[in-house]
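Spelled out, the chains give:
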Amino acid sequence: MKNIQGSEALIKCLVEEGVNTIFGYPGGAIMPIYDSLYSYMDKLNHILSRHEQGAIHAAQGYSRVSGKVGVCFATSGPGATNLITGLADAQIDSTPLVCITGQVPSQLLGTDAFQESDVIGISMPVTKWNYQITNSEEIQSVIAKAFYVAKSGRPGPVLIDITKDAQFSKVKFNYKKCEKIRSYHPYPIIDNKKINEAVKLIKYSKKPLILVGQGVLLSNAEKELLKFTEKTGIPVASTLLGLSAINCDHKNYVGYLGMHGNYGPNIKTNEADLIIAIGMRFDDRVTGDTTKYAVNAKIIHIEIDPSEIDKIIKTDVAINADAKEALIHLISLVDKMNFNEWISEFRICDNIEYDKVIKKEIYGGNSKLSMAEVVYKLSELTEGKSIIVTDVGQHQMVASRYYKFKKPNSNITSGGLGTMGFALPASMGAKIGNEKREVIAIIGDGGIQMTIQELATISQYKIGVKILILNNNFLGMVRQWQELFFDNRYSFTEMVNPDFNKISDGYGIKNKILEKKENLNKVLEEFINFDGPYLLNVIVEKEGNVFPMVPSGESVSNIRLE
């Protein structure tokens, strides 16, 4: 074992962990690490983003699609603080990341040196774990622990801050992966008594409903979910992040939950006598008024993170376990059942929603294109098999409603934090994470302008992502609330946008503008089939609303169809 610089030891740690892609932006305090990276370009692919927020969102998209830990680099001070939004987003949406930040030399810590910030203090509330390395001897053990913590149990982001002197000083390299940490038990031991209690509740239920969250996708439990619903016959509804855990065409799938979700699963929640929540956390966008939520139901909650159990909704049977393990136990014990009559009640709701909302939005007489008809047609043309990456706003809700996901890990979005600017960089990370699948970013005209500089990254690396802007010259979701709840007082939500097509030309990215309904099919086909990045600027109706809608803080039973 020869002595090598701490910066090279870090790079070798990443290679040992199977990392093949890093997203980042260099600077003074992380320069030794970038210098060492130069010698490992045959093993590690580095994507230079145009902003650190772009780098971390790209790492999120990469992780969500590939199932690997996303990795990003940033320098000290503003470079490190620019990661905070992405860290908070990854924390609440359970995305495993390892973020490496450079730091001023240890002797300058606390002196307000140039580009010094207390990134450990700042990031503590939005990371699963963080640590500052001031001695090169710590690098290997800390990086090993970082990867283990990020990906084990409920995944999440880890930030490691490394002072410049620790990067320069020498160390012997002898890397060992971390397999356990004293007092940290990420995989709870399943309680068979709780499993049996759940089986009993299922056996005697008349109107059970499965609520599926991202935990099913994170634990790779899609096949087990399918076996469970097909054996029991219990209908399945999905949260925003749970979309694509089950094929949207499955006979037991009854729709998407939440403020702008489908009519049936929202209103039937209060008619169900049993809720089986799997890998979801009863977010306020799903529950509405919690005092009026699932009023007739017993609650079974399967969740790997014990802090989420009983946090929002009181459970009758709490199963603290990995979703896949819990489902395997349940499948072996539940009876073969049939709930066709109960499912038919959801289909009646589907017909009501179709007549009052969907038919109008897709086939309405409005001369302007609607977001719904664009996404609906996109879903048809791609056969529901593309990876859809959405930003935050009306377009996100429309995409969640009208894109019919057929394959797992196909819905990449900012759920809990609701981060505008997420989709463009996340889509490029998603495409790098799975180059064989079509990746389409659906973005509003507000959100794309928050990280639009990442078009340069897409252009430089020829990342073949498709960018669909649903452009209504408004901050659409805020405007909808202003219309419905603030007497049409459109306070600072109307936007004068740039020419997105000229900007795309400037980056050398193929583009087109779409305004006419009669051209929708032809232009979307060209957009989908083009080999390489493509930006499509779709001009949609200016004041369109997204329905159904559960008004904020109200019961899910008060869902509005218009």
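Predicted model only: the values in this text are computed from it and were never measured.

## Details of the side chain of N497
- As for its placement among the helices and strands, N497 is situated in the loop between α20 (476-485) and α21 (500-506).
- On the accessibility criterion, N497 (17% relative accessible area) is buried.
- In terms of polar contacts, N497 uses its side chain to reach the side chain of D445, at 2.8 Å.
- Once residues lying within four places of it in the same chain are set aside, the contact partners of N497 are D445, Q449, N471 and N473.

## Considering the nonpolar core
- Among the nonpolar cores identified, the biggest contains 97 residues, and I319, L378 and L468 are the most heavily contacted of them.
- Ignoring any residue separated from it by four or fewer positions in sequence, one finds I319 in contact with I190, K194, I195, A198, I300, H301, I302, E303, I309 and A326.
- Grouped together as the second largest cluster of nonpolar side chains are 46 residues, I47, L97, L455 and I467 included.

## With respect to helix α22 (residues 520-529)
- For α22, the full list of buried residues reads L520, V523, L524, F527 and I528. Along the axis of α22, the buried positions cluster into a sector of 135 degrees, meaning they face one direction only. Opposite the buried face of α22, at more than 90 degrees from it, the exposed residues are K522 and N529.

## Considerations on the packing of helix α1 (residues 6-16) against helix α7 (residues 139-151)
- Two numbers describe how α1 lies on α7: the axes approach to 9 Å, and their chain directions differ by 30 degrees. As judged from the angle between their axes, α1 and α7 are roughly parallel. With respect to the hand of their crossing, α1 and α7 are arranged in right-handed fashion. Across the interface between the two elements, G6, A9, L10, C13 and L14 of α1 pack against I139, Q140, I143 and F147 of α7.
- Each residue belonging to the contact of α1 with α7 can be placed in one class, and the counts come to seven nonpolar, two polar and no charged.

## Examining the sheet that holds strand β19 (residues 510-514)
- The parallel open sheet is built from six strands, whose spatial order is β16-β15-β17-β18-β20-β19. With partners counted over all chains shown, the strands left at the sheet margins are β16 (411-413) and β19, one partner each. Neighbouring strand axes in the sheet, compared pairwise and without regard to direction, differ in orientation by 20 degrees on average.
- Alignment of strand β18 (residues 466-471) against strand β20 (residues 534-539), held across six bridges, turns out to be parallel. Within β20, the residue paired with L470 across the bridge is V538.
- Across the sheet, helix α17 (residues 394-402) touches β15 (387-390), β16, β17 (439-444) and β18, and the angle it forms with β17 is around 135 degrees.
- In the packing of helix α18 (residues 423-433) onto the sheet, contacts are made with β15, β17 and β18, and the angle to β17 comes to roughly 175 degrees.

## Some words on the side chain of N130
- Note that N130 resides in strand β6 (residues 129-133).
- Polar side-chain contacts of N130 include one of 3.0 Å to the backbone oxygen of I120.
- Looking at N130, its side chain comes within polar contact range of the side chain of S123, at 3.0 Å.
- With sequence-adjacent residues up to four places away left out, N130 is seen in contact with I120, S123, M124 and L159.

## Observations concerning the environment of Q482
- Counting through the fold element by element, Q482 comes out in helix α20.
- Ignoring sequence-local partners within four residues, the contact set of Q482 consists of D487, N488, R489, Y490, S491 and T493.

## Re the packing of aromatic side chains
- Using the criterion set out here, one finds 13 aromatic pairs in the structure.
- Consider the rings of F282 and Y293, whose centres lie 6.1 Å apart with planes at 75 degrees: the pair is edge-to-face. Within this pair, whereas F282 is found in the loop between β12 (274-278) and α13 (284-287), its partner Y293 is found in the loop between α13 and β13 (298-303), the two being separated by 11 residues in sequence.
- Overall, F282 belongs to the buried group, its relative accessible area being 2%.
- The interplanar angle of 75 degrees and the centroid separation of 4.9 Å between the aromatic rings of W342 and F346 together place this pair among those described as edge-to-face. On the criterion of helical spacing, the pair formed by W342 and F346 is a turn pair, its members being four residues apart in helix α15 (residues 340-363). Like W342, the residue F346 is buried in the burial classification.
- What links up through ring pairs into an aromatic cluster is the set F527, F530 and Y534.
- The lysine or arginine in question, K12, covers the ring of F173, its NZ or CZ lying 5.0 Å from the ring centre.

Cut-offs used in this document
In this numbering scheme, every chain counts its residues from 1 along its sequence in written order. Per-residue local features are limited, in this predicted model, to residues with pLDDT of at least 70; the limit for side-chain atom pairs, both in listing and counting, is 80 or more; totals at the level of whole chains, interfaces and linings are taken over all residues. Excluding hydrogens and water, the side-chain figures rest on all heavy atoms present in the structure. Helix and strand definitions follow DSSP, with helices as H or I runs of at least four residues and strands as E runs of at least two, each counted in order from the N terminus. We call a residue buried when its accessible area falls under 20% of the maximum for its residue type, exposed when it is over 50%, and partly exposed in between, using a 1.4 Å probe and counting protein chains only. In the analysis that follows, any N or O atom pair within 3.5 Å is treated as a polar contact, provided that within protein one partner can donate a hydrogen and the other can accept it, and provided that, for residues neighboring in sequence, both atoms belong to side chains. Whether two residues touch is decided by their heavy atoms; if any such pair falls within 4.5 Å, the residues are in contact. We call a set of buried residues a nonpolar core when its members are Ala, Val, Leu, Ile, Met, Phe, Trp, Tyr or Cys and they connect through side-chain atoms within 4.5 Å of each other. The directions considered for the arc run from the helix axis to the C-beta atoms. Orientation is described by lines fitted to C-alpha atoms, with helices fitted over the stretch in contact, and by angles between N-to-C directions that extend from 0 to 180 degrees. Orientation labels follow simple angle bins: below 35 degrees gives roughly parallel, above 145 gives roughly antiparallel, 65 to 115 gives roughly perpendicular, and whatever is left gives oblique. Each crossing gets its hand from how the near helix is turned against the far one by less than a right angle, where anticlockwise is left-handed and clockwise is right-handed. Amino acid classes used here: Ala, Val, Leu, Ile, Met, Phe, Trp, Tyr, Cys and Pro are nonpolar; Asp, Glu, Lys and Arg are charged; the rest, including Gly, are polar. The pairing criterion is simple: DSSP has to find at least two bridges between the two strands. Any two of the Phe, Tyr and Trp rings considered here, Trp counted by its six-membered ring, make a pair once their centres fall within 6.5 Å; the pair's planes then place it as stacked at under 30 degrees, edge-to-face at over 60, or tilted in between. Counted as over-ring charges are cases with an Arg CZ or a Lys NZ within 6 Å of the ring centre that also lie within 35 degrees of the ring normal.

Interpretation note: all reported values are geometric properties and have no functional meaning in isolation.
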